[in-house]
Amino acid sequence: MSVTFRIRCCLCRKNIPLAGDVIALDGEWQRRYAAMHGTLACERCAIDYGWNCCTTTRGAFVDGHIAAPEDEDDVDSISHQLERGTHRALVTLYPRSGLLQGAEAYLRSVAARKSTDPEIAAMLRTAIQEWDEQHSTAGAPQTTG
């Protein structure tokens, strides 16, 4: 049985249209947009928030720049897009963002399915366990002693 879900864009926080691709963004996006909520974006934001240059007028990278996975092509915001794909594919590849952005029930169902590849299921269970640990301690009262 398939579990339905919607992914909220990490930049605009609106639901990403089901007919549209999801785009995974890297650490340079997170550095430039510290308020990002996850790393999965809608196509509109990947275009609107993009930048044209990673270097200064002297040709050096801007201060604090995080290199793109393919250093020789590190020229603009498109160089810092990791993947493009369906909602299901991207939340499975990037489960920590998927959990944060609205796919928790779906990821739990995929991790529990007997038909899921064992390596993928193990990766999902690890991400879900970390998620559960973070959220169980986040709501716990703090004791001083």
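Reference entry: report on the structure contained in this document. (Residues numbered from 1 in each chain as written. Predicted model: local features only at pLDDT ≥ 70, side-chain atom pairs only at ≥ 80, totals over all residues. Heavy atoms only, no water.)

1. Some details on the sheet that holds strand β3 (residues 81–85)
Here comes step 1: With respect to topology, three strands assemble into an open sheet ordered β2-β1-β3, the strand pairing being antiparallel. Since the sheet does not close on itself, it has two edges, and those belong to β2 (40–42) and β3, each with one partner. Averaged over all pairs of adjacent strands, the angle between their axes in this sheet comes to 30°, without regard to strand direction.
Here comes step 2: Sheet topology places strand β1 (residues 22–25) next to β2; three bridges connect them, and they run antiparallel. Counterpart to A24 in the pairing with β2 is L40. (Pairing = 2+ DSSP bridges. Helix = DSSP H or I, 4+ residues; strand = E, 2+ residues; numbered from the N terminus. Axes fitted to C-alpha atoms, helices over the stretch in contact; angles between N-to-C directions.)

2. Comments concerning the pairing of β1
Here comes step 1: Every second residue of β1 is oriented toward a common face, with V22 and A24 on one face and I23 and L25 on the other, all of them buried.
Here comes step 2: Sheet topology note: the β1/β3 ladder contains four bridges and is antiparallel. What sits directly across from L25, in β3, is Q81. (Buried < 20%, exposed > 50% of the residue type's maximum accessible area, 1.4 Å probe, protein only.)

3. A few points about the side chain of T39
Here comes step 1: The residue T39 is located in the loop between α1 (27–32) and β2 in this model.
Here comes step 2: On the basis of relative accessible area, T39 is assigned to the buried category, the value being 11%.

4. A look at the packing of aromatic side chains
Here comes step 1: The full count for this structure, using the stated rule, is three aromatic pairs.
Here comes step 2: Ring geometry for W29 versus Y33: centroids 5.9 Å apart, planes at 35°, classification tilted.
Here comes step 3: Given a relative accessible area of 26%, Y33 falls into the partly exposed group.
Here comes step 4: Consider the rings of Y33 and Y49, whose centres lie 5.3 Å apart with planes at 80°: the pair is edge-to-face. Remark: Y49 occurs in the loop between α2 (43–48) and β3 and Y33 occurs in the loop between α1 and β2; sequence separation between them is 16 residues.
Here comes step 5: You can call Y49 partly exposed: its relative accessible area is 29%.
Here comes step 6: Through a chain of ring-to-ring contacts, the aromatic side chains of W29, Y33 and Y49 assemble into a single cluster. (Phe/Tyr/Trp six-rings, centres within 6.5 Å; stacked < 30°, edge-to-face > 60°.)

5. Looking at the side chain of E28
Here comes step 1: Mapped onto the elements of the fold, E28 is located in helix α1.
Here comes step 2: On the basis of relative accessibility, which here comes to 0%, the residue E28 falls in the buried class.
Here comes step 3: At 2.7 Å, the side chain of E28 and the side chain of R31 are in polar contact.
Here comes step 4: Setting aside anything within four residues of it in sequence, one finds E28 in contact with W51, G64, H65, I66 and H80. (Polar contact = N/O pair within 3.5 Å; in protein donor to acceptor, adjacent residues only side chain to side chain. Contact = heavy atoms within 4.5 Å.)

6. A short note on the pattern of salt bridges
Here comes step 1: Scanning all chains against the criterion turns up eight salt bridges.
Here comes step 2: When salt bridges that share partners are traced, they join D21, E43 and R84 into one network. (Salt bridge = Lys/Arg side-chain N within 4 Å of Asp/Glu carboxyl O.)

Just distances and angles here, no functional claims.
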